[in-house]
Each structure stands twice: as structure tokens, then as C-alpha cells.
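Secondary and tertiary structure notes
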Amino acid sequence: MNTQSLSPAARNGLVVLRLLIGWHFLYEGVIKMYSSTWTAKGYLLSASFLQPVFGWLASDSLIGFVDTANIVALMLVGVLLVLGFKSKWGCWVGIGLLALYYLAHPPFPGLPQGPSEGSYWLVNKNLIEAAALFVLAQLTTDTHFGIARLFSTSKN
Amino acid sequence: MADDSIFSKLSRRDWLKGLAGVPILGSIWFAGASFAGKAKRERKALLETLNIKASPPPPTGPMSGDPIRVGIVGFGGRGEDLVRALGFPTQEWLEARKKDSAENPSDTRLKEFLEQENLNVKLTAVCDVFDVRADRALRSFNSNGNVCKRYRTHEELIASGEVDAIIIATPDHWHAPISIDAIKAGIHVYVEKPMTHNIAETYALRDAVRANPKAVLAVGHQHRQTQSFLTAQDAIAKNILGHVSLVVTATNRNDDNGAWQYDIHPEASPQTIDWERFLGSAPKAEFNKEHFFRWRKWWAYGSGLSGDLMTHDYDRINCILKMGIPKFITASGGIYTHRDGRNVPDVMQINMEFPDFSTGSSQEAGKEKGMTFVYSATLGNTFDRGTVLMGHDASMELGNAVTIYPDWGSTRFQKMIEEGKVDPTVPVYQYDPSAHGTDAVTSATAKYFANKGLLWTYRDGKRVDSTFLHLREWLSCIRNGGKPSCGIDEGFEEAITAHMGGLSYKLGRRVEWDPVAEKIIALPGEDLDAILLANEEFVTSSGTKKS
């Protein structure tokens, strides 16, 4: 959706939100890439929901690919959102990742909460971040603040 | 040019807003890379300083040549485990595991068994006083070219000429008599722990083994095969912990099986059980199904927490520290959780003193010497207390993983703590052989053993049954020569320590070992074996006397 009709404050707010989420994804990806011992295996094996699926992803034959794919996807989302280029794609990839993180350890009543820094019921930060990405996928600001601006004829 | 025409229309504002993300991206990338890189470099430097080798033991020798003919004496629960590790599962076990793996794909016990190396043995003989168990063995082991016969007594089995080696998994009071008869006949022996049931036969068995050096005796402390313990040995050898003044180990169980309340078979009767043979050297008693199946609950046949479970912990630590028999033992406890007629304690604390022992020191010479080893057990609670070796410089937590925490008061790590390079709340070292392997341990008891490194071990990231490796080591010594990791000397130390624990509990006082005379010191007039085996009556909570 065109964000030209929004007030400057609202549009700048969306840009800040995009940068913050991109920052978060990129930093997670970079840290994992540079930590040679990092693996999603523990997170996947301790899944409290859809264990067969996450257990399969954590299997010896797949885990190497899953770890690499996760790092690449995290960094891709981060780069697209921070640079403001095709950020709509980044948003959808990000939503996909967050949905997996959410479903592996969903804050459903009756399921173990696992290690976390707060208290959650149905809604947690993964879900909120995914919802924010959904908003950003609808209201793209790349041509206002981002590389897309350089290739755009209508600057908003 | 087209491009020129696009970019020529861009204002400075456009360039700024278009490319402002690039420095942000660069900053984040730089911060992440330098943070993770610094952590990695510090970690690497620390590991190089510690220089602990996480190396597996050298592989045992080849299993080639003629098959070794093995007999099993005592085909109960543990006996079944042992012959299965040799490659002989019962039909019942195979069927149950097929069902389990069909219902639960993550249950890989059958798959792991089928992938196990062939040890090139024949299971030629079984000896059990209960017909049902002997028949089960005959049904399962007379197939695929294997011929297995039943013998009513171990003497007949040993004299049959059909066995080169035997595995003994009987009640404790039969361990030494059968081992001694076999060793004297030149038959190799794998005997379950505790190696003996009383003090006198501990010496008799050692004498028999020394007089027959060709027969290989191994004691069933399978955790000696666990990779993490070898890593722990290396950490001790490099004095990472400094002077270890206290070792604590524990048993925590809270279920009937863990408290030796095993099932009583419906077909058990004087017709199906050779009761007199079961009793052996034990006091004469009327036929009693409970005594037969739950023998661990009475001193007459078993040895309670000190012989049954403390021996595992003692040998685990002895394998790492090689501290030998304690100078003093003080034990206490009681029957507090299972007042069901048993006479062995179900809560027990055994304090072992080693006043002359030291693992090494990082302080001035002579300041540190001596160590206490505390074994603490209850059969009425499952809180996992772990095994910890506490040194002046660091503490080592021991299980399937080895985790080392630096100590706030450490001399060795003092400078690194001050510089913020190590944090005593964070391990300086962790070795987890299972980190690259999935685990599907099923029961609470299995998990307990797995956590202690007693059940499974890892080789090249693959889960291996440590009992299998321990049996393989014994078979390799028989075939290729060499000394088992838990042979007669280690078994002697384990058995004497267990008996000192039992004695101290019964005497209610400190028991002392004379290392020169190699004797437990008795007061005038004391018959230590009579005291150790005393099978006193116990009054149950309902007031009825049971014996």
C-alpha cells in the first residue's frame, strides 16, 4: 500500500519499526554465523509442539542444512529491511521464520514454557514481531527511506 | 545513458535517504562479527591454556579367531542385559522392541542393537535355579547355529568342557564362590558388582586370580568405558581442579523398581525354583518368593546401598582419581522409606576419608593434603544431586558430560577472574559427547544411569552401550592379552570399600583400614564377616516381625 497518504510522523514511525526489526534479525544472523558451535538442534529437539516435524528438522541428516538456512534467512531479512530493498519479501520470510520459532515453543496453556525472560499466554514476542512484519509488508517504506528510493520515480 | 538520466534526477536528500541503511548495516555486521569473534578467541585461548584432551580410549583388539564359548550363570534382569550386549537377545525382548519402535520411531534401541558389532562368541551354556528363566534362555538361544544347554549347577557348567568363559549375574552371595571355582578351572570370568559378598572371600578370590594368571577376571563396572570419564582423568592429570578436598556422589531413587521391589513371577514355586541352591551359603530359610526375587533387600544375599550402588560411584571416582581404599569409613542410615521387612538400609550416608591423598596443588607445598569422599543415598526422593569433585581451583561436575567451574577463591584462575576473562558462575570447560547425538532414554531409572554415564557412552558422536564396550574389552583381553580396566585389583578395592561401609553402618562406628597389613582393623573379639552379614530381624510398621 502506498504510504504517501500517511502523516510524516506515521511514515517515519514505520521506517523506524522496519530498521529495528531488521537490526534484530541481522544481528541474530551475524552472531550465529560467527559462532562456530551454534546449532538450532537443542531448540528443535526440545520443541513442545509438533515434535515430529521439529524432531525431523533436527535429525543428523538435516540439521546442517537447517542451521545454514536459518542463518541465511535471518541475515537476508535483516539486510532487506535495513537497506530498504524488497523489504516486502523480507517481511514474509521473517514471518515464516517467526512462525516456526513460535510453533516450536508456543505459549499455549498446558505446555511447558521453557526458558524465557517473561510470562506469556498465547501471545509472545515472536508473535508480536511477526504481526509487526505483517504491517510492514502492507505498508512498505523502501522508496521513502531505502535503496529502492534511488530507483523510484515517485518518492514519498 | 538511461542510468545517468535516473540518477541525475536524484537530490542529495535522495542519496542520503536511499543509502542511510548501508552504514547501519555495516555497523551491525561489524558489532556482531567482533563480539562473536572476541568471544571465540577468548574461548580458544582458555581451552588452549586448560589443554584438556577429550580423547577416546584406544580401541580394544580384534574379535577374530575361533568363537569364544560363553556361559551365563544367573539369567535374571541383569543377566539378560549382559548376554544381549554379547549379541543374544531373548525372543521376548526382540518382540517388545519391534513393537516399541513401530509405536515410537524415536525409540532406536532395536536399531542400535542390530547395528552392534558381532563379538564372535557362542552362548553355549545357561545356569539358573529358576526353570522359567532357564527355559527362556533355551528357547531364544538355540537358533542361528548356536547350541545352548542348561546346567543345574555352576560346577556342572564349569566341568562341562563347553565353556571358555562365564558371566556371573547371580545374587551377590554367589559372586565369589562361582568366580573362584571358574578361575581355578582356568575359565575366564566377568562378574557383576559388588565383586564379593564378604571380606574373607574378597581375599580368597584375589588369591585365586593371582594363582591363575591365564584366566581373565573383569568386574562389571561398565562406566569405565565412558568417554567423559577419560576426559575427566585428563583434567585431573593436568591439575585443573587443584587440590580436591571433597567429592560428593549420590543415589536418588523413588520408585519400587529402584528400591528393589521387583516383580514376583507367577510361576515361582518350590517345584520351579531350586531353593536350596539359591540359598547356598545364606542362612537356612523356608522357601520364600520375596527373598528369591527381591534378594537385594536382605544382607543374607545382597549388600544394600553400600554394595549395590555405592560401588558404582566409588569405582567411578577410583577410575579417575585412583585413590584406592579409604583409610577410614563412617556410615549411617536406616530403613526410612520402605518399611516392608527388608533389613538393608534405604537411606545411607558413607563418608570415606583419604588423609594422605592429594590430586595435586596450586598453592605452597604442604598446605593441602587429604580428601573426603561422601556417598549419600535415599530411595525416597529423585532430586538429582549429581557428582561433584571440589578442588581449590575448580569444581568438576561429572556425568555423561564433564563440566568444570572455576572457583572464586582459586589461585590458578585468580588473575583471569580479576581480568574478567573467566566467570566462576560460567563453566570454563564443558565436554558433552552427546551434543551431536539425539537421546531417547525411556525410563526414570534409565535416565538416572544415563545421566551418571553408566548406561550409554559415545564413540565418535555415536551412542554406544557401555556394557557392550566393557564386555568387548574383557573378550579382547581373553583373545589378545592385556589387562581389563576393572580387574582383580580394582575389584578388590571396590569390594573392601563396600564391606567397610556396610560394617560401619552395622557397628555404628568408624572403621579403619590398615594399608600395610591390607586388613580392616577389628577390635578384640570382633568377627567382622559375622557382623557384616548379620541378618537381623526387622519389625515392620504394622508391628509384625519379618525375617
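Summary of the structure given here. Small disclaimer: the values here were computed from a predicted structure and weren't measured. (Residues numbered from 1 in each chain as written. Chains lettered and ligands numbered in written order. Predicted model: local features only at pLDDT ≥ 70, side-chain atom pairs only at ≥ 80, totals over all residues. Heavy atoms only, no water.)

**Points about the overall build of chain B**
Within chain B, the regular secondary structure consists of 20 helices and 20 strands. With respect to the three principal axes, the spread of C-alpha positions in chain B is 105 × 60 × 55 Å. Across the 547 residues that make up chain B, the buried fraction comes to 55%. For chain B, long-range pairs separated by at least 24 residues make up 72% of all intrachain contacts whose partners lie at least 6 apart in sequence. (Helix = DSSP H or I, 4+ residues; strand = E, 2+ residues; numbered from the N terminus. Buried < 20%, exposed > 50% of the residue type's maximum accessible area, 1.4 Å probe, protein only. Contact = heavy atoms within 4.5 Å.)

**Looking at the overall build of chain A**
Scanning chain A for helices and strands turns up 6 helices and 0 strands. Secondary structure of chain A in N-to-C order comes out as α-α-α-α-α-α. Once the C-alpha set of chain A is aligned to its principal axes, its extents read approximately 50 × 35 × 25 Å. Among the 156 residues that make up chain A, the fraction classed as buried is 44%. Per element, the accessible surface of chain A, about 8000 Å² overall, is 72% carbon and sulfur. Taking the 9 positively charged and 6 negatively charged side chains of chain A as two groups, their mean positions are separated by 15 Å. (Areas by Shrake-Rupley, 256 points an atom, 1.4 Å probe, with all protein chains shown as cover. Lys, Arg positive; Asp, Glu negative; His and termini not counted. Charge placed at Lys NZ, Arg CZ, Asp CG, Glu CD.)

**Digging into the sheet that holds strand S14 (residues 429-431) of chain B**
All names here are of chain B. Overall, mixed pairing links the 10 strands, which are arranged S14-S13-S12-S11-S7-S10-S9-S8-S17-S18 in an open sheet. Strands at the two margins of the open sheet, each flanked by one partner only, are S14 and strand S18 (519-520). For strand S17 (residues 511-514) and S18, the ladder comprises 2 bridges, and the chain directions are antiparallel. Counterpart to Trp513 in the pairing with S18 is Ile520. Across the sheet, helix H15 (residues 310-321) touches strand S7 (244-252), strand S9 (347-354), strand S10 (371-378), strand S11 (387-391) and strand S12 (394-398), and the angle it forms with S7 is around 150°. (Pairing = 2+ DSSP bridges. Axes fitted to C-alpha atoms, helices over the stretch in contact; angles between N-to-C directions.)

**Concerning the pairing of S11 of chain B**
Residue and element names in this part refer to chain B. A large share of S11 lies buried, amounting to 4 of its 5 residues. Where S7 lies against S11, 4 bridges are found, and the strand directions are antiparallel. Pairing of Val248 across the sheet is with Val388, part of S11. Pairing geometry for S11 and S12, over 4 bridges, is antiparallel. Directly across from Val388, in S12, lies its bridge partner Glu397.

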